[in-house]
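Here's the letter readout for the chains.
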Amino acid sequence: MTAQTFDLPDLGEGLTEAEVVKWLVAVGDTVAVDQPIAEVETAKSIVEVPSPFAGTVSVLHGEEGEVLEVGKPLITVGSGSPAEAPAAEPPAAEEPDAETKSPAPAATGAEADTAGERYREEERAGSGNVLIGYGTPESTGSGRRRRPRNRPPSHGSQPSAPAAAPVPAPARRVPLVTSPLVRQLAREAGLRVADIEGSGPGGLITRRDVRSAIEAAGANTAPAPSAPIAASTPAAPAQAEPGAVDARTGLAESKREAMGAFRKAVATSLSRSRSEIPEATVWVDVDATELVRLRRSDPEGPGLLAYVARFVLAGLHAYPELNGLVDTEREELVQYDGVNLGLAVQTDRGLVAPAVMGAHKLTTAELDTEIKELTRLARAGKATPAQLTGGTFTLNNFGSLRVDGSAAIINHPQVAILGIGRIIDRPWVVDGELTVRKITQLSFAFDHRVCDGGAAAGFMRVVADAMENPARAIARL
């Protein structure tokens, strides 16, 4: 029986490990391509991982509750029936420890190239089940894999057949790179991918190859901010000793703990936003009295945030430069044909910004339904990787935290973020008379590279005017 081993893929969240929450298949089960095989939990969400292979499950690499590293074996699938399987351990479990030994069958160039090409085709076709990194795990082609922690070493490994000996990759005119993260990591380190030797199947260049090239060049070995955190285990931080005194403050340290994977990913993303984006912020106070009245007139209708989301989409239609990104490599400003509206959601794991995909196609009522469902999924840790990383513009409801506003940090690589504060009663002048109105504050941070203050102010007025006179705005949408 020919066996193929599927490694835990890069889930596209800047994280390097995931916990196996639940196996959806068992040894001996027959699986099809794209069939969910396991639920895994990262620091941000719980996602179902589909199988890239069809066949019979022969090995589950890990127990429920076990934490696996990205790029390490997740499942081994055989192409034959269970009756055809040998009594010994499946071939994919034969894992040589020395680089001179031939790689396991699942890592041979022909099979890996076929699987990788099939999934690259599916990524281009928009398959909803394909996760970032399929076909490009770091460990492919290296011939070395760490055995699962719960499985003893294999005994009686057969010697490599002469035909299976590694064959040097032929010279190629263009570098073989399938992951945009690999290209970006090399670019930000000042390296050309064409100068990097790939260790993957057919000469595929992996993140490990880029990091090795960075080390060889004497560059900073820390990963680029946009790239996932390095898979290597960092050195354990020093623990505060009882009574240890901080030299700067003269105060005793009461606690010291390591940053978790989620907090590291957040720190990396926010640091990159602050270091790369020349941002500016504008504010405007909005009389939301009529919007609140509209909401109260239909208790079963859309919520306030759904109306604001609808007005944001109108603003982005008028000022599309705010719904895009800056391509620094090509020195181009990109605008998207459509909006994936990100929503900042506070969860037990921290702040995430999943997106309502294709928000521009939805009615206000449909936006309300999607916002509520997306918020529920995010707080339950079940938002998909596509939802967590696919936003093109972010709306942040500061009012849910009972604050008036904030100069928010733009969610890189987006170019703008709009915040809305709490709605409270304030004295307000209407037609020359002082009265009490429902007032809120909008705060808008934007990338000054994509537009000037006039465009930012224009966008803000579209949203603010619609909130102040929602009936007229909705009639025009």
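Shown above is the structure to which this text applies.
Residues numbered from 1 in each chain as written. Predicted model: local features only at pLDDT ≥ 70, side-chain atom pairs only at ≥ 80, totals over all residues. Heavy atoms only, no water.

Section: the overall build of the chain
The helix and strand tally for the chain stands at 10 helices and 19 strands. The buried share of the chain, taken over its 477 residues, is 44%. Considering only intrachain contacts with a sequence separation of at least 6, the fraction spanning at least 24 residues in the chain is 66%. In the form shown here, the chain has an accessible surface area of approximately 24100 Å², with 52% of it arising from carbon and sulfur atoms. (Helix = DSSP H or I, 4+ residues; strand = E, 2+ residues; numbered from the N terminus. Buried < 20%, exposed > 50% of the residue type's maximum accessible area, 1.4 Å probe, protein only. Contact = heavy atoms within 4.5 Å. Areas by Shrake-Rupley, 256 points an atom, 1.4 Å probe, with all protein chains shown as cover.)

Some remarks on the packing of helix H6 (residues 304-318) against helix H9 (residues 453-468)
For the pair H6 and H9, interaxial distance at closest approach is 8 Å and the crossing angle is 145°. Of the two possible hands of crossing, H6 and H9 adopt the one that is right-handed. Residues Val308, Phe311, Val312, Ala314, Gly315, Leu316 and Ala318 of H6 pack against Phe459, Val462, Val463, Ala466 and Met467 of H9. (Axes fitted to C-alpha atoms, helices over the stretch in contact; angles between N-to-C directions. Left-handed = near helix turned anticlockwise from the far one by under 90°.)

Some details on the pairing of strand E11 (residues 332-335)
Taken together, the four bridges between strand E10 (residues 324-327) and E11 define a ladder with antiparallel strand orientation. When the bridges of E11 are listed, Leu325 appears paired with Val334. Hairpin connection, E10 to E11: the antiparallel pair is bridged by four residues, and Glu331 has positive phi, about 55°. (Pairing = 2+ DSSP bridges.)

A short note on the nonpolar core
If you look at the biggest cluster of nonpolar residues, it comprises 43 residues, and the most contacted ones within it are Val312, Leu418, Leu442, Phe444, Phe459 and Met467. Going through the elements one at a time, strand E9 (279-287), H6, strand E12 (341-343), helix H7 (364-379), strand E16 (393-397), strand E17 (416-420), strand E19 (433-447) and H9 are the ones with two or more residues in this core. Aside from chain neighbours lying at most four places away, what touches Met467 is Val286, Asp287, Ala288, Leu291, Val308, Phe311, Ile420, Thr440 and Leu442. Counting 19 residues, the second-largest nonpolar core is a separate cluster that includes Phe6, Trp23, Val57 and Leu74. (Core = buried A, V, L, I, M, F, W, Y, C linked by side-chain atoms within 4.5 Å.)

With respect to the pattern of salt bridges
All chains considered together, the criterion is met by 15 salt bridges. A salt bridge links Asp368 to Lys372; the nearest nitrogen and oxygen atoms lie 3.1 Å apart. Placement of both Asp368 and Lys372 in helix H7 is noted, with a separation of four residues, approximately one turn of the helix. On the basis of relative accessibility, which here comes to 10%, the residue Asp368 falls in the buried class. (Salt bridge = Lys/Arg side-chain N within 4 Å of Asp/Glu carboxyl O.)

Comments concerning the side chain of His412
Within the secondary structure layout, His412 lies in the loop between E16 and E17. When neighbours within four sequence positions are excluded, His412 is seen to be in contact with Arg272, Ser273, Glu276 and Ile277.

Considering the sheet that holds strand E5 (residues 46-50)
The strand order across the open sheet formed by four strands is E5-E4-E2-E7, and the pairing between neighbours is antiparallel. In the strand order of this sheet, the two ends are held by E5 and strand E7 (67-69), each with one partner. Averaged over all adjacent pairs, the angle separating strand axes in this sheet is 45°, with direction ignored. By the bridge criterion, five bridges tie strand E4 (residues 36-41) to E5 in an arrangement that is antiparallel. Following the sheet pairing, Val40 is matched in E5 by Val47.

Concerning the sheet that holds strand E8 (residues 73-78)
Strand order in the open sheet formed by four strands is E1-E8-E6-E3, and the pairing between neighbours is antiparallel. One side of each edge strand has no neighbouring strand; the edge strands of this open sheet are strand E1 (3-7) and strand E3 (30-31). Alignment of E3 against strand E6 (residues 55-60), held across two bridges, turns out to be antiparallel. Considered in E6, the bridge of Thr30 is made with Thr56.

Re the packing of aromatic side chains
Under the definition given, this model contains five aromatic pairs. Members of the aromatic cluster, joined through ring pairs, are Phe393, Phe444, Phe446 and Phe459. (Phe/Tyr/Trp six-rings, centres within 6.5 Å; stacked < 30°, edge-to-face > 60°.)

By themselves these figures say nothing about function.
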